[in-house]
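The primary structure of each chain is shown beneath.
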Amino acid sequence: MRDLRIVFMGTPDFAVATLKALLEANYNVVGVITAPDKPAGRGRKMHQSAVKKFALEHNLNVLQPTNLKRKSFVAELKALHANLQIVVAFRMLPKVVWQMPEYGTFNLHASLLPNYRGAAPINWAIINGETKTGVTTFFIDEKIDTGAMIFQEEIPIDPIENAGSLHDKLMNIGSALVVKTVQHIEKDEVTTTIQPISDDIKTAYKIHKETCEIDWTVPIDTIFNRIRGLSPYPASWTTLYNGDDTYAIKIYEVAKVLETHSHAVGSVISSKKEIKIAVKEGYILLKVLQLPGKRKMEISALLNGFKFEKDAKVS
């Protein structure tokens, strides 16, 4: 059995579950690398990453480099004498960092590689209407998410779930897969699989504001999948024209209604109980949305104080 000294690298909640699982499995985590504190919220107070908060609560050694290539950081990292590095939702590492430990540096990625390499694999799997996804552990190499795979675990995607619920499922099975990977490295029993090369590999591009704008002219399933694939964060949005007023609204939850109708695409059809948007094959029924400057709310609550005009539309 190898005596492992682990450096863990991660930033958001998704990574906390894995760090917690490693500690519960009694692995020796000699250092935690996470993003620098940054101002957040209206008061612009300095905000610690979820991983930093957890690490400090468990008296772990935390490093927060602004530059991973800086000689002072590389020296600090070497001084930890780690022989294995684990990366979960962090950032691209320079070669001097990922090549450092004797037993390598491996990453947990929230997709079934080689598909959905990139920054937003959970979002894009749902946006693209996938029926399954999973998690992969792989050794890091010089390119993004291309290294030799160690383990994969597949799960189905519920046809109505959103990115938030899928995130939590993958976070939990991913943490278990990391522990399984570490156990095999500890026993020197790891075998790897080179990622297949293909021209039709799907990519998980970084999400931008324009990615989140809803195009009401596309097929109903495409609209439905984009909305749930971007919920709860960063959330899809559209422009609502309501009489003389214009609002940029965020949409978090919808249902689809397949039905023939004569309404123009983008028309808002309202009643005392529901709001729906006309699209080509039917309607998108709004369930949870957010007006500018307001909290997100269910449609029943919105209708108590907001009036939709007869000519209301979205685009």
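Small disclaimer: the values here were computed from a predicted structure and weren't measured.

Visitor: Describe the overall build of the protein, with residues and values.
Guide: A tally of regular secondary structure across the protein gives nine helices and 18 strands. Taken along the three principal axes of its C-alpha coordinates, the protein extends 70 × 45 × 30 Å. The contacts of the protein with a sequence gap of at least 6 include a subset with a gap of at least 24, amounting to 66%. Carbon together with sulfur atoms contributes 50% to the accessible area of the protein, which is approximately 16500 Å² in total.

Visitor: Describe the packing of helix α1 (residues 13-24) against helix α2 (residues 50-57), listing the residues and the values that go with them.
Guide: Close contact between α1 and α2 brings their axes to 8 Å; oriented N to C, the two are set at 25 degrees. Accordingly, the angle class assigned to the pair α1 and α2 is roughly parallel. Where α1 approaches α2, its residues Asp-13, Ala-15, Val-16, Leu-19, Lys-20 and Leu-23 are matched on the opposing element by Ala-50, Val-51 and Phe-54. Within the contact of α1 with α2, the residues separate by chemical class into seven nonpolar, no polar and two charged.

Visitor: Give a description of the pairing of strand β2 (residues 29-33) that names residues and reports values.
Guide: Burial runs high along β2: five of the five residues are buried. Across four bridges, the pairing between strand β1 (residues 6-10) and β2 is parallel. What sits directly across from Ile-6, in β2, is Val-29. Across two bridges, the pairing between β2 and strand β5 (residues 62-63) is parallel. Along β5, the bridge assignment pairs Val-32 with Val-62.

Visitor: Hey, could you go over the packing of aromatic side chains for me, with residue numbers and the actual values?
Guide: The description of an aromatic ring pair uses the distance of the two centres, along with the angle that the planes make with each other. For the structure on display, the rule yields two aromatic pairs. Where Tyr-247 meets Phe-306, the ring centres are 5.5 Å apart and the plane angle is 70 degrees; that geometry is what we call edge-to-face. Here Phe-306 lies in the loop between α9 (299-302) and β18 (313-314) and Tyr-247 lies in strand β13 (residues 245-258), a separation of 59 residues in the sequence. Looking at Phe-306, the relative accessible area reads 14%, which means it is buried. When the centroid spacing of 4.9 Å and the interplanar angle of 65 degrees are considered together, the rings of Phe-306 and Phe-308 count as edge-to-face. In this structure, Phe-306 and Phe-308 share a single accessibility class: buried. Members of the aromatic cluster, joined through ring pairs, are Tyr-247, Phe-306 and Phe-308. Looking at Lys-180, its charged tip hangs above the ring of Phe-151, at a distance of 4.4 Å from the centre. Over the ring of Tyr-252 we find Lys-296; its NZ or CZ atom is 4.5 Å from the centre of that ring.

Visitor: I'd like a description of the sheet that holds β5, backed by residues and values.
Guide: Spatially, the seven strands line up as an open sheet ordered β5-β2-β1-β6-β7-β9-β10, and their pairing is mixed. Every other strand in the sheet has two partners, leaving β5 and β10 (149-156) as the edge strands with one partner each. Note: strand β9 (residues 132-139) against β10, seven bridges, orientation antiparallel. By the bridge assignment for β10, Gly-134 is matched with Glu-154.

Visitor: So what's going on with the pairing of β13? Which residues, and what values?
Guide: Judged from the seven bridges that link them, strand β12 (residues 236-242) and β13 form a sheet pairing that is antiparallel. Residue Tyr-241 lies in a different strand from β13, and its bridge partner there is Thr-246. Where β12 folds back on β13, the antiparallel hairpin that results is connected by two residues, among which Gly-243 adopts a positive phi of roughly 65 degrees. Summarising the sheet, β13 and strand β16 (residues 282-290) pair through eight bridges and their orientation is antiparallel. For Val-257, the partnering residue across the bridge sits in β16 and is Tyr-283.

Visitor: Help me get a handle on the UniProt feature "domain: Formyl transferase N-terminal" (unreviewed entry) in the protein, residues and values and all.
Guide: Per the UniProt record, "domain: Formyl transferase N-terminal" (unreviewed entry) is found at residues 5-181. Taken as a whole, residues 5-181 contains 33% helix and 26% strand, while its terminal C-alpha atoms sit 15 Å from one another.

Visitor: Kindly report on the UniProt feature "binding site: (6S)-5,6,7,8-tetrahydrofolate" (unreviewed entry) in the protein, identifying the contributing residues and their values.
Guide: On the UniProt side, "binding site: (6S)-5,6,7,8-tetrahydrofolate" (unreviewed entry) is annotated at positions that read Ser-111, Leu-112, Leu-113 and Pro-114 here. Considering the arrangement of structural elements, one finds Leu-112 in the loop between β7 (105-109) and β8 (117-118). In this structure Leu-112 comes out as buried when scored by relative accessible area, which is 18%. Residue contacts for Leu-112: discarding those within four places in its chain leaves Thr-133, Gly-134, Val-135, Thr-136, Gln-152, Glu-153 and Glu-154. Within the secondary structure layout, Pro-114 lies in the loop between β7 and β8. When sequence neighbours within four positions are dropped, the list of residues in contact with Pro-114 reads Gln-195, Pro-196, Ile-201 and Lys-202.

Analysis parameters
Residues numbered from 1 in each chain as written. Predicted model: local features only at pLDDT ≥ 70, side-chain atom pairs only at ≥ 80, totals over all residues. Heavy atoms only, no water. Helix = DSSP H or I, 4+ residues; strand = E, 2+ residues; numbered from the N terminus. Contact = heavy atoms within 4.5 Å. Areas by Shrake-Rupley, 256 points an atom, 1.4 Å probe, with all protein chains shown as cover. Axes fitted to C-alpha atoms, helices over the stretch in contact; angles between N-to-C directions. Parallel < 35°, antiparallel > 145°, perpendicular 65-115°, else oblique. Nonpolar A, V, L, I, M, F, W, Y, C, P; charged D, E, K, R; others polar. Buried < 20%, exposed > 50% of the residue type's maximum accessible area, 1.4 Å probe, protein only. Pairing = 2+ DSSP bridges. Phe/Tyr/Trp six-rings, centres within 6.5 Å; stacked < 30°, edge-to-face > 60°. Lys NZ or Arg CZ within 6 Å of the ring centre and 35° of its normal. UniProt positions renumbered as here; feature names shortened; annotations may be inferred.

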